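If you want the building blocks of each chain, they are given just below.
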Amino acid sequence: MEVVTFNWKFTEFLNKKDHFKGSPYILIILNQPIQYSNDIFHTLWENAYLRICADGGANHLYDEFKGIYIPHYIRGDLDSLRDDVRHFFHSQGTVIQLESGQESTDFMKCIDLISIKEEEEEKSSKYDVLAMGASGGRFDHIMSNIHYLYKLKDERKIYLLSEKNLIFLLDKGKHNILCDREIEGPTCGILPIGVQRAILTTTGLKWNITNVTSSFGVMISTSNILINDVITIETDVPVIWTVELQFK
Ligand SMILES: Nc1ncnc2c1ncn2[C@@H]1O[C@H](COP(=O)(O)OP(=O)(O)OP(=O)(O)O)[C@@H](O)[C@H]1O
Ligand SMILES: Cc1ncc(C[n+]2csc(CCO)c2C)c(N)n1
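Residues numbered from 1 in each chain as written. Chains lettered and ligands numbered in written order. Predicted model: local features only at pLDDT ≥ 70, side-chain atom pairs only at ≥ 80, totals over all residues. Heavy atoms only, no water.

Draft legend 1. Inspection of the site of ligand 1 at higher detail. Taken together, 18 residues lie near ligand 1, and Asn31, Asp106, Gly136, Arg138 and Asn145 sit nearest. In the model, a nitrogen atom of ligand 1 is placed 2.8 Å from a nitrogen or oxygen of the Arg138 main chain. Here ligand 1, which alone exposes 590 Å², has 85% of that area covered by the protein. Looking at the shell around ligand 1, the elements with two or more residues in it are helix 5 (106-120) and helix 6 (139-151). Of the residues assigned to the shell around ligand 1, the class counts are 4 nonpolar, 9 polar and 5 charged. (Near = heavy atom within 4 Å. Polar contact = N/O pair within 3.5 Å; in protein donor to acceptor, adjacent residues only side chain to side chain. Areas by Shrake-Rupley, 256 points an atom, 1.4 Å probe, with all protein chains shown as cover. Helix = DSSP H or I, 4+ residues; strand = E, 2+ residues; numbered from the N terminus. Nonpolar A, V, L, I, M, F, W, Y, C, P; charged D, E, K, R; others polar.)

Have a look at this one:
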């Protein structure tokens, strides 16, 4: 069976504030407060191939940094974008795109834009996505953000990042997750969201399991602890991996 290695090393590059050497990623700023230190935000911003604000995400970018950072795009149904923010970024060359459909969220509308760009560029591989601010605030939004990890799992890697959490999907199969324990952990969890049950085998954690059934209402692994730098997880269905982040 193929082993999928999560070696994006972006936590490592964040930690060392170094130049990013992983696969190119696109930054999406969601409509949530930006709570990173200036250093961390700057690193994430500078190393992104493209920067997109999902609607009101632009308000936070503007309020937090007073126009230092100019996104390539603001996209969404634009019901959250403030007029002053729209005018400012427009004057700075940001492309502002109204997509008014009410069947998908502004997060998804931003990912649609990435697919359009990839087609234009005739790109055969897909950009990774780093979505900032996906796990705070409204619970329906958080679940919707996680839903898109499932919906797009065969298309591209999406990382949901907040100041306190890194979340991504593990598809069925074997995974090696390389952790940078200076900023990742100690706690982590494996969540069988969207599936009836998962059969899990892990190594590298304080509470490892071998061929154990995990499902809501029976057993889920939360408040687990990273023991090694490499965590292995085998699952028979897609599950969500979440690890605590502690930026210095
Ligand atoms: N409280 C939140 N928690 C997590 N993610 C959020 C939250 N608020 C917004 N987001 C994310 O930011 C994106 C842009 O936010 P925006 O407020 O424009 O939402 P939306 O998609 O128009 O949905 P709604 O109109 O229901 O708020 C959302 O699609 C969602 O991915
Ligand atoms: C069954 C169902 N439930 C909710 C919505 C509403 N909705 C889903 S995404 C979205 C866009 C948010 O900007 C809105 C309004 C729908 N269309 N279909």
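Draft legend 2. Here's a closer look at the site of ligand 2. Neighbouring ligand 2 are Asp77, Gln102, Glu103, Ser104 and Thr105. Note that an oxygen atom of ligand 2 is positioned 3.1 Å from one of the side-chain N or O atoms of Asp77. Considered on its own, ligand 2 offers 440 Å² of accessible surface; in the complex 42% of this is hidden by protein. Looking at the shell around ligand 2 residue by residue, the classes come out as no nonpolar, 3 polar and 2 charged.

Draft legend 3. The arrangement of the domain arrangement of the chain in detail. Annotation of the chain at the domain level lists domain 1 (22-163) and domain 2 (164-248). Taking only C-alpha atoms, the centre of domain 1 and the centre of domain 2 are 26 Å apart. Listed by partner, the interface residues are 15 residues for domain 1 and 15 residues for domain 2. Summing both partners gives a buried area of about 1300 Å² for domain 1 against domain 2, and 66% of it is carried by carbon and sulfur. (Domains from an automatic or database assignment. Contact = heavy atoms within 4.5 Å. Buried area = accessible area lost by both parts, 1.4 Å probe.)

Draft legend 4. Structural detail: the pairing of strand 4 (residues 73-76). The alternating pattern of strand 4 places Tyr73 and Arg75 and Ile74 and Gly76 on opposite faces, both of which are buried. With 3 bridges joining them, strand 3 (residues 50-54) and strand 4 adopt parallel strand pairing. Counterpart to Cys53 in the pairing with strand 4 is Ile74. After leaving strand 3, the chain enters helix 3 (residues 57-65) and then returns to the sheet as strand 4, a path that is right-handed. Bridge count between strand 4 and strand 5 (residues 95-98): 4 bridges; the pairing is parallel. Note that in strand 5 the partner of Gly76 across the bridge is Leu98. Since strand 4 and strand 5 lie parallel, the crossover through helix 4 (residues 83-91) that links them has a hand, and here it is right-handed. (Buried < 20%, exposed > 50% of the residue type's maximum accessible area, 1.4 Å probe, protein only. Pairing = 2+ DSSP bridges. Right-handed = clockwise from strand over helix to strand, strands pointing away.)

Draft legend 5. Region of interest: the pattern of salt bridges. Taken as a whole and assessed by the stated rule, the structure comprises 13 salt bridges. Residues Asp63 and Arg82 are paired through a salt bridge, measuring 2.9 Å at the closest nitrogen-oxygen approach. Taken together, the residues Asp63 in helix 3 and Arg82 in the loop between strand 4 and helix 4 connect sequence positions 19 residues apart. Put simply, Glu118, Lys126, Glu155 and Arg156 are held in one network by salt bridges that share partners. (Salt bridge = Lys/Arg side-chain N within 4 Å of Asp/Glu carboxyl O.)

Draft legend 6. Highlighting the nonpolar core. Of all hydrophobic cores here, the largest spans 45 residues; its most connected members are Ile29, Phe41, Leu61 and Trp241. Both domain 1 (22-163) and domain 2 (164-248) contribute no fewer than three residues apiece to this core. With near-sequence residues (within four places) excluded, Phe41 lies in contact with Ile29, Ile34, Tyr36, Leu61, Phe65, Tyr69 and Met132. Core analysis: the second largest hydrophobic core is formed by 30 residues, Ile28, Ala54, Val129 and Ile158 among them. (Core = buried A, V, L, I, M, F, W, Y, C linked by side-chain atoms within 4.5 Å.)

Draft legend 7. Quick peek at unusual backbone geometry. Residue Pro186 follows Gly185 across a cis peptide bond; omega there is 10°. Positive phi outside glycine occurs at Glu122, with the angle close to 50°. Mapped onto the elements, Glu122 comes out in the loop between helix 5 and strand 6 (128-132). Positive phi is not limited to glycine here, since Asn211 has a value of about 50°. Its place among the elements puts Asn211 in the loop between strand 11 (198-203) and strand 12 (212-214). Asn211 sits in the exposed class, given a relative accessible area of 58%.

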